[in-house]
Amino acid sequence: MRDLFGNVMKTDIFGRRIPKKQIKREVLAENRMRGKAAEDSYRMNATLRGVEVERSPRGRDFIERQRNPWTGRVTRTTHVEVKSSSTAPLSKLQERNKRNKPNYRVVRQQGFF
């Protein structure tokens with residue numbers, strides 16, 4: 001639970017202490033929801049730009065394909081990793097891919113809310 005200022009509350013409204021495991025569970029659930037919202041927001045923005053967006057089978061979040069409007073051929077394929085905040089860390093593999101692959105992008109996207 002959070003208070004009016006967005007801080008995690010360590011006690012409930014009756015003054016009883018909330019266990020650390022429960023607090024951690026709630027924070028992780030919030031992070032999951034925030035990440036899903038950021039992915040949905042990115043998918044909507046990409047489709048509005050006219051890019052085909054497909055969920056990646058493993059490793060990355062999305063595969064973007066830009067097509068030539070006259071021929072229908074794929075002109076550019078990009079692997080996109082969506083992060084839900086400016087402070088969300090990249091894993092070692094994501095850092096290496098970002099450095100070495102020109103078609104790998106990390107997008108810092110806020111959710112709808």
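For the structure, see preceding data.
Anyway, here's the lowdown on the structure attached to this text. (Residues numbered from 1 in each chain as written. Predicted model: local features only at pLDDT ≥ 70, side-chain atom pairs only at ≥ 80, totals over all residues. Heavy atoms only, no water.)

### Remarks on the pattern of salt bridges
For the structure shown, the criterion picks out six salt bridges. The residue E39 makes a salt bridge to R55 at a minimum N-O spacing of 3.1 Å. Here the residue E39 occupies a position in helix 1 (residues 20-49), and R55 occupies one in strand 1 (residues 52-55), the gap between them amounting to 16 residues. Residue E39 is classed as buried on the basis of its relative accessible area of 14%. The class for R55 is partly exposed, based on a relative accessible area of 40%. Note that E52 is salt-bridged to R67, the shortest N-O span being 2.5 Å. (Salt bridge = Lys/Arg side-chain N within 4 Å of Asp/Glu carboxyl O. Helix = DSSP H or I, 4+ residues; strand = E, 2+ residues; numbered from the N terminus. Buried < 20%, exposed > 50% of the residue type's maximum accessible area, 1.4 Å probe, protein only.)

### Some details on helix 1
The end-to-end C-alpha distance of helix 1, which contains 30 residues, comes to 43 Å, matching closely the 44 Å that a straight helix rising 1.5 Å per residue would cover. Turning to helix 1, its buried residues are I23, A38, E39, S41, Y42 and A46. (Expected span 1.5 Å × (residues − 1).)

### A closer look at the pairing of strand 3 (residues 74-83)
On a regular strand, one side chain projects to one face of the sheet and the next to the other, so that they alternate. The sheet contact formed by strand 2 (residues 62-67) and strand 3 spans six bridges and is antiparallel. Bridging from a neighbouring strand, E64 pairs with T78 of strand 3. Pairing geometry for strand 3 and strand 4 (residues 104-108), over five bridges, is parallel. Residue pairing in the sheet places E81 in a bridge with V106 of strand 4. (Pairing = 2+ DSSP bridges.)

### Structural notes on the sheet that holds strand 1
Strand order across the open sheet formed by four strands is 1-2-3-4, with mixed pairing between neighbours. With partners counted over all chains shown, the strands left at the sheet margins are strand 1 and strand 4, one partner each. For this sheet, the mean angle separating the axes of adjacent strands, direction not counted, is 30 degrees. Strand contacts of helix 2 (residues 92-100): strand 3 and strand 4, with the helix running at about 120 degrees to strand 4, the strand carrying the most contacts. (Axes fitted to C-alpha atoms, helices over the stretch in contact; angles between N-to-C directions. Contact = heavy atoms within 4.5 Å.)

Scope: geometric values only; no functional claims are made or implied.
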